[in-house]
Amino acid sequence: MFKVVSCRMIVPNIHVLTVEAPAVAREAKPGQFVIIRAEEEGERVPLSIADWDEQMGTVTVVLMNVGRTTDRLASLDEGQEIPTVVGPLGNATDIEKYGTVMCIGGCYGIGSIFPIARALKAAGNKVIALLEARSSYLFYWEDRYKGVVDRVVHITRDGSKGYKGHLDRLPEIMKDIGEPVDRVIVNGCTYCVARSSEVTRPLGISTWVSLNPIMIDGTGMCGVCRVTVGDATRFACVHGPDFDGHQVDWAELLQRRKTYMMEEVVPLRTSKCEEHSQDVRGT
Ligand code: FES
């Protein structure tokens, strides 16, 4: 069993979960992920490692509460235990000296791209963090970013902080930065990573994305996480999770992501209704 060190909502619907997992913390590298179960017999969810502490033996993930399992994880309290934390899984992000690197993080990706930005900076790159959210109140870890990157730029759907709009404004943002960007790395929802890739394609900037397809085992055995990259079928868990964003078949990935949408959302609603009716009956 893995003990919960802390679990708290950092901004609406986004939770930071830290668990004791010394074996994972010992081996973790930027860009890798873990598979977590909230309960025995429960669903296995892949979550990118957002930080780790080798000495304390802890691993931190940032998750968005979107379904029954993430809802259970989000409601964990300090001291509780969960049955499964498997990892580190997947390949680490390639960390080299590229020059100027833009790290784009949206939603839970603001957390998962943080160790990548930190490692790129330590490798001698100039690192620009572009953080994306619907509104300013959804940003987090800004102090942490300011401590490790050269510049933090914001874009919000409602214009409440930084640029207003979508990642379609990337060319303009890059122009304002005033220097060539040698590499773009993106973490976030499928829409965020797909859109960023489409926008950088005509600019000819090498763009690497962390994919988050549905996974079961996370070790290349089930085939559920398959994606098409170039002409090849790849398993995101063992060949990725990072891939060249200009080679990914986004239409296929977006379609496959929706496969169990109803099964994810309906149990959450149902369990909430059950909890509510129990509360009502209990009062
Ligand atoms: Fe099963 Fe990748 S999750 S092959």
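Refer to the structure above for everything that follows.
Residues numbered from 1 in each chain as written. Predicted model: local features only at pLDDT ≥ 70, side-chain atom pairs only at ≥ 80, totals over all residues. Heavy atoms only, no water.

A. Main features of the overall build of the chain. Check the secondary structure of the chain and you find 10 helices and 16 strands. At 19 Å, the chain has a C-alpha radius of gyration in line with the 19 Å of a compact globule built from 283 residues. Along the three orthogonal principal directions, the C-alpha set of the chain runs to about 60 × 40 × 40 Å. When contacts within the chain are restricted to residue pairs at least 6 apart in sequence, those whose partners lie at least 24 apart make up 65%. (Helix = DSSP H or I, 4+ residues; strand = E, 2+ residues; numbered from the N terminus. Rg over C-alpha atoms; globule rule 2.2 N^0.38 Å. Contact = heavy atoms within 4.5 Å.)

B. Molecular detail of the nonpolar core. Ranked by internal contacts, the top residues of the largest apolar core, which has 35 residues, are Met 102, Ile 104, Leu 130, Ile 173, Val 184, Leu 211 and Trp 250. Aside from chain neighbours lying at most four places away, what touches Ile 104 is Ile 113, Leu 130, Leu 167, Leu 170, Val 184, Ile 185, Val 186, Asn 187 and Ser 196. Core analysis: the next-biggest nonpolar cluster, separate from the first, contains 28 residues, Val 101, Ala 129, Phe 139 and Tyr 145 among them. (Core = buried A, V, L, I, M, F, W, Y, C linked by side-chain atoms within 4.5 Å. Buried < 20%, exposed > 50% of the residue type's maximum accessible area, 1.4 Å probe, protein only.)

C. Highlighting the packing of aromatic side chains. For the structure on display, the rule yields 3 aromatic pairs. Centre to centre, the rings of Phe 114 and Tyr 145 are 5.2 Å apart; their planes meet at 85°, and the pair counts as edge-to-face. Of this pair, Phe 114 sits in helix 4 (residues 114–122) while Tyr 145 sits in helix 5 (residues 142–148), placing them 31 residues apart in sequence. Residue Phe 114 shares its accessibility class with Tyr 145, and that shared class is buried. Among the aromatic residues, those joined into a cluster by ring pairs are Phe 114, Tyr 140, Trp 141 and Tyr 145. When the ring centre of Trp 141 is taken as origin, the NZ or CZ atom of Arg 144, which lies over that ring, is 4.5 Å away. The lysine or arginine in question, Arg 183, covers the ring of Tyr 98, its NZ or CZ lying 4.1 Å from the ring centre. (Phe/Tyr/Trp six-rings, centres within 6.5 Å; stacked < 30°, edge-to-face > 60°. Lys NZ or Arg CZ within 6 Å of the ring centre and 35° of its normal.)

D. Structural detail: the sheet that holds strand 7 (residues 84–89). Pairing within the open sheet is antiparallel, and its 7 strands lie in the order 6-1-2-5-4-3-7. Each edge of the open sheet carries a strand with a single partner, namely strand 6 (81–82) and strand 7. Pairing analysis gives 4 bridges linking strand 4 (residues 45–53) to strand 5 (residues 58–64), with the strands arranged antiparallel. Looking across to strand 5, one finds that Trp 52 is bridged to Val 59. (Pairing = 2+ DSSP bridges.)

E. Structural view of the pattern of salt bridges. Evaluated as defined, the whole model comprises 11 salt bridges. With a shortest N-O distance of 2.9 Å, Asp 51 and Arg 118 are connected by a salt bridge. Highlighted residues: Asp 51 in strand 4 and Arg 118 in helix 4, separated in sequence by 67 residues. The class of Asp 51 is buried, set by a relative accessible area of 10%. Taking relative accessible area as the criterion, Arg 118 reaches 27% and is therefore assigned partly exposed. Close ionic contact of Arg 169 with Glu 172 constitutes a salt bridge, the shortest N to O distance being 2.5 Å. A relative accessible area of 35% places Glu 172 in the partly exposed class. Shared partners join several salt bridges into a network, and the residues in it are Asp 51, Arg 118 and Arg 144. (Salt bridge = Lys/Arg side-chain N within 4 Å of Asp/Glu carboxyl O.)

None of this, on its own, says anything about what the molecule does.
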